[in-house]
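# Notes for the structure review
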Amino acid sequence: MTADTTTSTESQPFQAEVAQLLHLMVHSVYSETDIFLRELISNASDACDRLRYEAIAVPDLIADGAPPQIRIKPDKTANTLSVIDSGIGMDRQELIDNLGTIARSGTKSFLSRLTEAKDGAGLIGQFGVGFYAAFMVAERIVVTSRRAGTDQVWVWSSSGGSGFEIAPAGEEEATRLTRGTEIVLHLKEDAKKYLESYEIERIVGAYSDNIQFPIFLVPEEGEPRQINSASALWQRPKSELTAEDYKGAYKAIAGAFDEPAMTLHYRAEGRQSYAVLLFAPSTKPFDLFEPQRKGRVKLYVRRVFIADDADILPAYLRFIRGVIDSEDLPLNISREMLQNNPQLAQIRKAVTGRVITELENLGEKEPEAFAKIWDAFGPVIKEGIWEDFERREKLLALSRFTTTAGEKRSLKQYVENLKTNQTEIYYLVGDSIERLKSNPKLESATARGIEVLLLTDPVDAFWTAAPLDFGGKPLKSLSQGDVDFGLIPLVEEKPEDKDQPAADEAATIAVIKDTLGDRVSDVRASQRLTSSASCLVAGGDARDRALERLLAQQNRGGITKPILEVNMRHPLVAAISQAKAEAADLSFLLLEQAQILDGELPDDPAGFAGRLNRLVLRGMAKDSGG
């Protein structure tokens, strides 16, 4: 590594987001300050992991034979708490990059969430900004670090203001630190409790017991002693572990404060040997909808950390947190090789199938726990219906829907509830449940007691575009193509359904087509409507209208001309073939009210208002005998 020739103390400003973050930390936005120690230990553990990983290629990095470890040293006389690791360490530029900037796309989102949260302790670990949590308890922080394999030792210091100082270490610091990082917190007056051994042990036991490296407490008097179990919990038999053990492991591995809604722990033997410990959170991680859609399952090889985003699970399971520890992968596998390694491909396939099966079992045996997962991650899981053809049927079975019959309905329940002569599963895509429930396209289905899936997540417009069926029943949109419920009996046949005379279909449609011209692709009599006058649908070969609107908003396609369906028994439609002066206004009104009911604005709002006013005034004039 190139030696840095800077020898004097240099002051630098913090990145704007860091300065804003430190302001929040210094002014104690949290009621739970214990988080700072968990975060510093987690960072120290990461440094030890990185040392072991880099030492695979460069064994000289650990030529001294000293195993990576973490030490916590309270000093009541100096009022300082030190967290020291013998990990990879940092050079001058790494100290500036890691402690002076936050190179994460989620930083601004974090700051926004932080200012809104009543108590944001659970957010810190999720957003990767845990070091700054130390300013909740420290009025000044001094970081001394030596990058493994180098002679340079650097000191970074800050009081949490607008910037920091960085300088070469003195002879004493350079002699004391042979490798790794020492973080010295000069504690605030109200944080002296963290100098007590029992407080340190309590926090380590609660949050960091499963850290793989030994954590030693170095008291002011007496010998250092290890205060964590330092075991790879996923390698231990399930029979030895309790629910509390798993909760602690989840919080340590995922950096989370919620409780896992599902835990999956097993060991695979055979062609591949690996241990799996995975968790489904009960609340959404902050980065769930980031464009990269990165997973957060950590990959180990024989207890050596390799990567924390190896894409072991497909993107639609990116909310899963945990560890996979392989006995067979090569230790020197690079991140580039991970994507094409056939052994890892087999692990991916097997673990993905196991996770989906576990979710299925949870849905059947513990519906309340599964409901937490579905409420938080349902839209993400549904991405797989579009992307994962091999598991499409399973993901459809796993999915839960709000329908006209209730909430959290499965397709298995839907199929069991099919009406006589019903051969399709019907759905409607829209912006909100309330708007969908009032959509006129539901009318004929409702009259026959047909259950309809009401889909409101943005992803619903995409996965429903695939050719889908469940249990041999194709999924059919009520906004697309022809719909014929003629063979399905009405729940209650009303006399007016037969007594209301139908309009002259040919003459009425001819007038509407002539009036609307190329504003619609066709006009036809509707089988969907029973009480409303009109609705808009897409042709059988066209995209569903909800998908078209979504793509148009993203500049990924235009809007095709819709089909206008009219209810031939509606008085407004019946009046068109007989009216002369009002025929054009009535025809436009059929189109424009259908657009409004679909959540769109009329093409010409001023023209719509004028037509509506004219029709109202004519009706008033007739009522008054004018």
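The structure reproduced in this document is the subject of the present report. This one's a predicted model, so the numbers in the text were calculated from it and none came from an experiment.

## Quick word on the overall build of the chain
- Tallying secondary structure elements over the chain gives 23 helices and 23 strands in all.
- Here the chain holds 626 residues, and 52% of them are scored as buried.
- Contacts spanning at least 24 positions in sequence make up 72% of the contacts within the chain whose residues lie at least 6 apart.

## A short note on the packing of aromatic side chains
- In the structure shown here, the tally under the stated rule is 10 aromatic pairs.
- Summarising the aromatic geometry, the rings of Tyr-250 and Phe-279 are spaced 5.3 Å apart at their centres and angled 55 degrees between planes, so their arrangement reads as tilted. With Tyr-250 in helix H8 (residues 243-254) and Phe-279 in strand S11 (residues 274-280), the pair connects residues that are 29 residues apart, well separated along the chain. Each member of the pair, Tyr-250 together with Phe-279, is buried.
- Their ring planes at 80 degrees and their centres at 5.1 Å tell us that Tyr-426 and Phe-485 sit as a pair that is edge-to-face. On the criterion of sequence distance, the pair formed by Tyr-426 in strand S17 (residues 425-429) and Phe-485 in the loop between strand S20 (473-477) and helix H18 (495-499) is long-range, its members being 59 residues apart. There is no split in this pair, since Tyr-426 and Phe-485 are both buried.
- One aromatic cluster in this structure is built from Phe-131, Phe-135, Trp-156 and Phe-164.

## Here we look at the pattern of salt bridges
- For the coordinates displayed, the defined rule picks out 33 salt bridges.
- For Asp-34, the salt bridge goes to Arg-202, with nearest N and O atoms at 2.8 Å. A residue pair is termed long-range when its members are at least 10 positions apart, and Asp-34 in the loop between helix H1 (16-26) and helix H2 (35-57) and Arg-202 in helix H7 (residues 197-208) qualify at 168 residues.
- Classification of Asp-34 as buried rests on a relative accessible area of 5%.
- The exposure class of Arg-202 is partly exposed, given its relative accessible area of 39%.
- Through salt bridges that share partners, Arg-293, Arg-318, Glu-383 and Glu-387 make up one connected network.

## Brief notes about the packing of helix H19 (residues 505-516) against helix H22 (residues 583-597)
- Between H19 and H22, the least distance of the axes is 9 Å, while the angle of their chain directions is 80 degrees. Comparing their axes, H22 and H19 come out roughly perpendicular. Facing Val-511, Ile-512, Thr-515 and Leu-516 of H19, the residues of H22 in contact are Ala-583, Ala-584, Ser-587, Phe-588, Leu-590 and Leu-591.
- Residues that form the contact of H19 with H22 fall into these classes: 8 nonpolar, 2 polar and no charged.

## Points about the sheet that holds strand S21 (residues 522-525)
- Reading across from one edge, S21-S23-S22 is the order of the 3 strands in this open sheet, with mixed pairing throughout. Single-partner strands in this sheet number two, and they are S21 and strand S22 (534-537). Recorded for the sheet is a direction-independent mean angle of 25 degrees between the axes of neighbouring strands.
- Two elements, S22 and strand S23 (residues 563-566), share 4 bridges in a ladder whose sense is antiparallel. Opposite Leu-536, over in S23, you have Leu-564 as the bridge partner.
- In this fold H19 packs onto S21 and S23, with an angle of close to 155 degrees to the strand it touches most, S21.
- In this fold H22 packs onto S22 and S23, with an angle of close to 65 degrees to the strand it touches most, S22.

## Looking at the sheet that holds strand S4 (residues 138-146)
- Across the sheet, 9 strands lie side by side as S1-S6-S5-S4-S7-S3-S2-S8-S9; this open sheet has mixed pairing. Each having just a single partner strand, strand S1 (10-13) and strand S9 (225-226) make up the two edges of the open sheet.
- Relative to strand S7 (residues 180-187), S4 runs antiparallel, the two sharing 8 bridges. Its bridge partner lying in S7, Val-142 is registered against Val-184.
- Set on the sheet, H7 makes contact with strand S2 (70-75), strand S3 (80-85), strand S8 (215-217) and S9; between it and S8 the angle comes to about 165 degrees.

## Some thoughts on the environment of Cys-48
- Relative to the helices and strands, Cys-48 resides in helix H2.
- Of the residues examined, Cys-48 reaches a relative accessible area of 0% and is grouped as buried.
- C-alpha of Cys-48 to C-alpha of Phe-305: the two residues are 257 residues apart in sequence and 9.4 Å apart in space.
- Residues within four places of Cys-48 in sequence aside, it is in contact with Pro-68, Gln-69, Ile-70, Asp-85, Ser-86, Gly-87 and Phe-213.

## With respect to unusual backbone geometry
- Despite not being glycine, Lys-408 has its phi angle at roughly 55 degrees, a positive value.
- Tracing the chain through its elements places Lys-408 in strand S16 (residues 406-409).
- A positive phi is found at Asn-421, a non-glycine position, where the angle reads about 70 degrees.
- For Asn-421, the position within the fold is in the loop between helix H14 (411-416) and S17.
- Note on Asn-421: relative accessible area 47%, which makes it partly exposed.

## Examining a nonpolar patch on the surface
- Together, Leu-612, Val-616, Leu-617 and Met-620 make up a nonpolar patch on the protein surface, roughly 370 Å² of accessible area in all.
- If you trace the backbone, Met-620 turns up in helix H23 (residues 605-623).
- Classification of Met-620 as exposed rests on a relative accessible area of 51%.

Cut-offs used in this document
- Residues numbered from 1 in each chain as written.
- Predicted model: local features only at pLDDT ≥ 70, side-chain atom pairs only at ≥ 80, totals over all residues.
- Heavy atoms only, no water.
- Helix = DSSP H or I, 4+ residues; strand = E, 2+ residues; numbered from the N terminus.
- Buried < 20%, exposed > 50% of the residue type's maximum accessible area, 1.4 Å probe, protein only.
- Contact = heavy atoms within 4.5 Å.
- Phe/Tyr/Trp six-rings, centres within 6.5 Å; stacked < 30°, edge-to-face > 60°.
- Salt bridge = Lys/Arg side-chain N within 4 Å of Asp/Glu carboxyl O.
- Axes fitted to C-alpha atoms, helices over the stretch in contact; angles between N-to-C directions.
- Parallel < 35°, antiparallel > 145°, perpendicular 65-115°, else oblique.
- Nonpolar A, V, L, I, M, F, W, Y, C, P; charged D, E, K, R; others polar.
- Pairing = 2+ DSSP bridges.
- Patch = residues over 30% accessible without salt bridge, like charges linked within 9 Å, V, L, I, M, F, W, Y side chains within 5 Å.
- Areas by Shrake-Rupley, 256 points an atom, 1.4 Å probe, with all protein chains shown as cover.

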